[in-house]
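Read off the chains here:
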Amino acid sequence: MKITNTIKIIKLLAILFISVFTFTACSDDDDHDHDSEEELITTVNYTLTSGSDIVTLKFSDPDGDGAIEPIYAISGDLTANSTYTGMIELLNETESPAEDITEEVKEEADEHEFFYTSNVSGLAITKTDVDGNGNPLGVETSLITVGAGSGTLTIILKHEPTKPNDGSSISAGGSSDVEITFDVTIN
């Protein structure tokens, strides 16, 4: 009888130990998932400045992935043979006041990178800011136009890309937090 009771106690202790271990492991995973939760980005403003010439590319999706269609707006055409200083701003405008997501991207710069691509001949964009490890971030840019033309400009924000990378969003991996394409004209 004593042996049977001892075996039952050992089995119960084993089950209790496994349960506590499993509960602790799940608890840590839940905390980790919560920390990496993505923020809602409803608005992207890419402001390009060359002297007194200011061009803003704006994407707005006021309800996130809801029923309202996103709005793409450009305040004007880019000027040929110019150098623009670019600054990108990310907002969550479902909150009041709007939450500035750009600050979070800067704080977690080693986990983010912007990628800019264009099919406009003579348009070149260079990232001018870096993360704490010296890898490009892309909140700040330099945009150079050579000659007139028109086409598209795509902006992609990658979360947890491979750094350093070859500068392409495809090879960088990670997941896309933002991917928007604007029609642009250079006069």
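The rules behind these values
Residues numbered from 1 in each chain as written. Predicted model: local features only at pLDDT ≥ 70, side-chain atom pairs only at ≥ 80, totals over all residues. Heavy atoms only, no water. Helix = DSSP H or I, 4+ residues; strand = E, 2+ residues; numbered from the N terminus. Buried < 20%, exposed > 50% of the residue type's maximum accessible area, 1.4 Å probe, protein only. Contact = heavy atoms within 4.5 Å. Areas by Shrake-Rupley, 256 points an atom, 1.4 Å probe, with all protein chains shown as cover. Core = buried A, V, L, I, M, F, W, Y, C linked by side-chain atoms within 4.5 Å. pLDDT = per-residue confidence, 0-100. Salt bridge = Lys/Arg side-chain N within 4 Å of Asp/Glu carboxyl O.

A. Spotlight on the overall build of the protein chain. A count of helical and extended segments in the protein chain gives 3 helices and 10 strands. When the helices and strands of the protein chain are listed from N to C terminus, the series reads α-β-β-β-β-β-α-β-β-β-β-α-β. Out of the 187 residues belonging to the protein chain, those deemed buried represent 32%. A separation of at least 24 residues holds for 62% of the contacts in the protein chain among residues at least 6 apart in sequence. When the accessible surface of the protein chain is split by element, carbon and sulfur atoms take 55% of a total near 11,100 Å².

B. Representation of the nonpolar core. The biggest cluster of nonpolar side chains holds 30 residues, and the ones touching the most others in it are Tyr46 and Phe114. It is strand β10 (residues 175-186) that contributes the most residues to this core, 5 residues altogether. In contact with Tyr46, not counting residues within four places along its chain, are Val55, Thr56, Leu57, Gly86, Met87, Ile88, Tyr116, Ile125, Thr141, Leu143, Leu153 and Ile155.

C. Spotlight on the environment of Val130. Along the chain, the position of Val130 falls in the loop between β7 (123-127) and β8 (140-145). On the accessibility criterion, Val130 (51% relative accessible area) is exposed. Taking the C-alpha atoms as reference points, Val130 and Asp110, 20 residues apart in sequence, are found 8.9 Å from one another. Discounting residues that sit within four places of it in the chain, Val130 has contacts with Asn135, Pro136 and Leu137.

D. Representation of the confidence of the model for the protein chain. For the protein chain, the average pLDDT comes to 85, and 80% of its residues sit at 70 or higher. A low-confidence stretch, residues 12-36 (pLDDT under 50), is modelled with 0 contacts involving residues beyond four sequence positions or located in other chains.

E. View of the pattern of salt bridges. The final tally for this structure, using the stated rule, is 3 salt bridges. Glu103 is the salt-bridge partner of Lys106, the closest N and O atoms lying 3.8 Å from each other. Of this pair, Lys106 and Glu103 both sit in helix α2 (residues 101-107), 3 residues apart, which is roughly one turn of the helix. Among the residues examined, Glu103 registers a relative accessible area of 38% and is labelled partly exposed. The residue Lys163 makes a salt bridge to Asp131 at a minimum N-O spacing of 3.0 Å. Of this pair, Lys163 sits in the loop between β9 (149-159) and α3 (169-172) while Asp131 sits in the loop between β7 and β8, and the two are 32 residues apart along the sequence. Across this residue pair, the class does not change: Lys163 and Asp131 are buried.

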